[in-house]
Amino acid sequence: DQQVKQNSPSLSVQEGRISILNCDYTNSMFDYFLWYKKYPAEGPTFLISISSIKDKNEDGRFTVFLNKSAKHLSLHIVPSQPGDSAVYFCAATFKAAGNKLTFGGGTRVLVKP
Amino acid sequence: EPEVTQTPSHQVTQMGQEVILRCVPISNHLYFYWYRQILGQKVEFLVSFYNNEISEKSEIFDDQFSVERPDGSNFTLKIRSTKLEDSAMYFCASCLTGGVYEQYFGPGTRLTVT
C-alpha cells in the first residue's frame, strides 16, 4: 500500500535553519492531511493539518503546504531546534474512509546544535 | 492536558495465547481507533469504533481480533490466538467527533509474541 509516500527516510539540518519534509500521495479522494511527530517509545503526536480546500496552514514554527495538482505536501519547520529531532509522519484521510489515517513511512529528522 | 493512556507498555506472550491490550481514550472523545506498527514498517490502521460498534476495519483485522468498550472509559483490543507476526507496537487513538480528523494517540503497547 503506497498511497502515501515519504521518499526521504532521513534529514539532517543545522539548528536555526529550515527543515523541509516532503510527502506524496496517490489517492485523489484524500481531502485532509496531517503531520505527526514521534519520539522513540512514544505514540505519534499531532502537529498540524490541512484541508484540501487550502494550500497553506501555519502554526507557529510549522507550516504545511499542499499542492493538490501535484498530489504533494510539505512541512516546513523554521527555525529548527534540537528538540525537533524525531520521526515525522505524513498521514491522509477522507470522510468516507471513516477518518482512518493512512500513513507515510516517516522521515527521521536530526537537528544538530 | 488530557491524553490517551495504554496498558501495559510491554506485553510478552507465547504464540497461541490470548492477549488484551487496554486503552483509556480522552474522556469526551467519541471515535476510537487501533493502529499497529511492525518494526521498520508503516503505521497501519486496524479498526475504528463509534457508538459501540465497529465502523470500519482493515483486512488485517480478521476473526482473531476483536474490540470492546466494556465501560465508559476503557477501549480494548483482544487478539484471541497470537501469531509471531502479531509482534508490533499497537497504538490506540481517539478523536472528538467524526467531523474532526485530528486523532490523538496513546504511547503504545509493544507486543512480543514468542
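Residues numbered from 1 in each chain as written. Chains lettered and ligands numbered in written order. Predicted model: local features only at pLDDT ≥ 70, side-chain atom pairs only at ≥ 80, totals over all residues. Heavy atoms only, no water.

Novice: What's the story with the sheet that holds strand S1 (residues 5–7) of chain B in this structure? I'm lost.
Specialist: Strand pairing in a sheet takes place through backbone hydrogen bonds and is either antiparallel or parallel in direction. All names here are of chain B. The four strands lie next to each other as S1-S3-S8-S7, forming an open sheet whose pairing is antiparallel. The sheet is open, and its two borders are formed by S1 and strand S7 (65–68), each paired with just one other strand. Each strand axis lies, on average, 20° off the axis of its neighbour in the sheet, ignoring direction. Strand direction decides the pairing type here: S7 and strand S8 (residues 75–79), joined by four bridges, are antiparallel. Bridge assignment links Phe65 to a residue of S8, and that residue is Ile79. (Pairing = 2+ DSSP bridges. Helix = DSSP H or I, 4+ residues; strand = E, 2+ residues; numbered from the N terminus. Axes fitted to C-alpha atoms, helices over the stretch in contact; angles between N-to-C directions.)

Novice: For this particular structure, what's the right way to read the sheet that holds strand S7 (residues 62–67) of chain A?
Specialist: All names here are of chain A. Reading across from one edge, S1-S3-S8-S7-S6 is the order of the five strands in this open sheet, with antiparallel pairing throughout. Here the strands that pair on one side only, and so sit at the sheet edges, are strand S1 (4–5) and strand S6 (56–59). Pairing between S7 and strand S8 (residues 72–77): six bridges, direction antiparallel. Counterpart to Phe65 in the pairing with S8 is Ser74.

Novice: Explanation requested: the environment of A:Gly16 in the structure shown.
Specialist: Residues and elements named next belong to chain A. By the element assignment, Gly16 lies in the loop between strand S2 (10–14) and strand S3 (19–25). Spatially, the C-alpha atoms of Gly16 and Pro79 are 4.5 Å apart, while their sequence positions differ by 63 residues. Those residues within four positions of Gly16 in sequence are excluded, and the remaining contacts are Pro79 and Ser80. (Contact = heavy atoms within 4.5 Å.)

Novice: Sorry, what's going on with the state of the cysteines here?
Specialist: What we call a disulfide is simply a covalent bond connecting the sulfur atoms of a pair of cysteines. In the structure shown here, the tally under the stated rule is two disulfides over all chains. Between the sulfur atoms of A:Cys23 and its disulfide mate A:Cys90 the distance is 2.0 Å. In this structure, the disulfide formed by A:Cys23 and A:Cys90 twists by about -70° around the S-S bond and is classed as left-handed. In this pair, A:Cys23 sits in strand S3 while A:Cys90 sits in strand S9 (residues 86–93), placing the two residues 67 residues apart along the sequence. Classification of A:Cys90 by relative accessible area gives buried; the value is 1%. Between the sulfur of B:Cys23 and that of B:Cys92 lies a disulfide, 1.9 Å long from S to S. Sign of the S-S torsion, about -60° for the bond between B:Cys23 and B:Cys92, identifies this disulfide as left-handed. A residue pair is termed long-range when its members are at least 10 positions apart, and B:Cys23 in strand S3 (residues 19–24) and B:Cys92 in strand S9 (residues 88–95) qualify at 69 residues. B:Cys92 shares its class with B:Cys23; the two are buried. Among the cysteines around B:Cys95, which has no disulfide bond, B:Cys92 carries the closest sulfur, lying 12 Å off. B:Cys95 gets classed as buried once you look at its relative accessible area, which sits at 0%. (Disulfide = S-S within 2.5 Å. Buried < 20%, exposed > 50% of the residue type's maximum accessible area, 1.4 Å probe, protein only.)

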